[in-house]
Amino acid sequence: AGNEREKMTRKLDDMFVFIPVEHLMTVKALGGVLSCGLALFLGYNLPGKAPYVFAGAAGAAGFFLPELSVKYMKYRRRKAFANQLVDALIMLSNGLRAGFTIQQAIEMVAQESKPPVSQEFELVLREFHLGIDLETAMVNCAKRVDNDDFHLAVTAMAICRQVGGNLAEIFDRIVAMVRDRKTI
């Protein structure tokens, strides 16, 4: 039970939904009971055991609906991040070409983008300002968003910082690759 609770807390935190898991469990329980009661009330005139079967099915649906809603919200957030990723990488690349440091380019993306990209990059900056090195903060972000293209960009950034290279050009290549993949 503790492991499931930690997983759900992590899911909610990853989506920037800051409610205690206990509230979600309360909503699940209430949803199950209310759905069951409503189904029993509406199906009262059905013959035989049908009202009870109907109420049981509705109760189960009402119990699992909040968790399914959380999963759907996470899916939508990941999809929105994936759709905004190309623009974010272009902004990072343009910022680096304009002479910004990588931190300044990330700040620009955090300020100029819409959620969820802006939220994720703001969290990267918060972690960085709290003393976590930028590479680790970006890796944490990549774990949160769970996007292969962003994992690639973060890995490329880490390699480029260690061995040198033109990070703006690398971001441009990743953007071209992502666009080509979307057209296929």
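None of these values were measured; they are calculated from a predicted model.

Trainee: Help me out: how do you make sense of the packing of helix α7 (residues 148-163) against helix α8 (residues 167-183) in this one?
Mentor: Each pair of packed helices can be described by the angle between their axes along with the distance between the axes. It is the contact of α7 with α8, at a shortest axis distance of 10 Å, that shows an interaxial angle of 160°. It follows from the interaxial angle that α7 and α8 lie roughly antiparallel. Crossing geometry of α7 relative to α8 is assigned as right-handed. Taken together, the residues of α8 that come into contact with α7 (itself represented by Asp149, Leu152, Ala153, Ala156, Met157 and Cys160) are Leu167, Ile170, Phe171, Ile174, Met177, Val178 and Arg181.

Trainee: Please explain the nonpolar core as it appears in this structure.
Mentor: Burial of nonpolar side chains together is a common tendency in soluble globular proteins. In terms of nonpolar packing, the biggest core is built from 35 residues, with Leu92, Ile102, Ile106, Phe121, Met138, Phe150 and Phe171 touching the most fellow members. At the level of elements, α3 (50-97), α4 (102-112), α5 (117-129), α6 (134-145), α7 and α8 are the ones that each hand at least two residues to this core. Ranked by residues supplied to this core, first place goes to α3 with 8 residues. With near-sequence residues (within four places) excluded, Phe150 lies in contact with Phe81, Leu85, Phe121, Met138, Cys141, Ala142 and Val145. Judged by nonpolar contacts, the second largest core, of 6 residues, contains Leu12, Val21, Leu24 and Val70.

Trainee: Please clarify how α3 should be interpreted in this entry.
Mentor: The α-helix advances 3.6 residues per turn, and as a result positions three or four apart in sequence lie on the same side. Compared with an ideal rise of 1.5 Å per residue, which puts 48 residues at 70 Å, α3 spans 68 Å between its outermost C-alpha atoms and is within 8% of the ideal. Along α3, the helix axis deviates most sharply at Gln84, where the bend reaches about 40°. Directly beyond the C-terminal end of α3, a positive phi value near 100° is found at Gly99.

About the criteria used
Residues numbered from 1 in each chain as written. Predicted model: local features only at pLDDT ≥ 70, side-chain atom pairs only at ≥ 80, totals over all residues. Heavy atoms only, no water. Axes fitted to C-alpha atoms, helices over the stretch in contact; angles between N-to-C directions. Helix = DSSP H or I, 4+ residues; strand = E, 2+ residues; numbered from the N terminus. Parallel < 35°, antiparallel > 145°, perpendicular 65-115°, else oblique. Left-handed = near helix turned anticlockwise from the far one by under 90°. Contact = heavy atoms within 4.5 Å. Core = buried A, V, L, I, M, F, W, Y, C linked by side-chain atoms within 4.5 Å. Buried < 20%, exposed > 50% of the residue type's maximum accessible area, 1.4 Å probe, protein only. Expected span 1.5 Å × (residues − 1). Bend = angle between axes of the 7 residues up to and from the residue.

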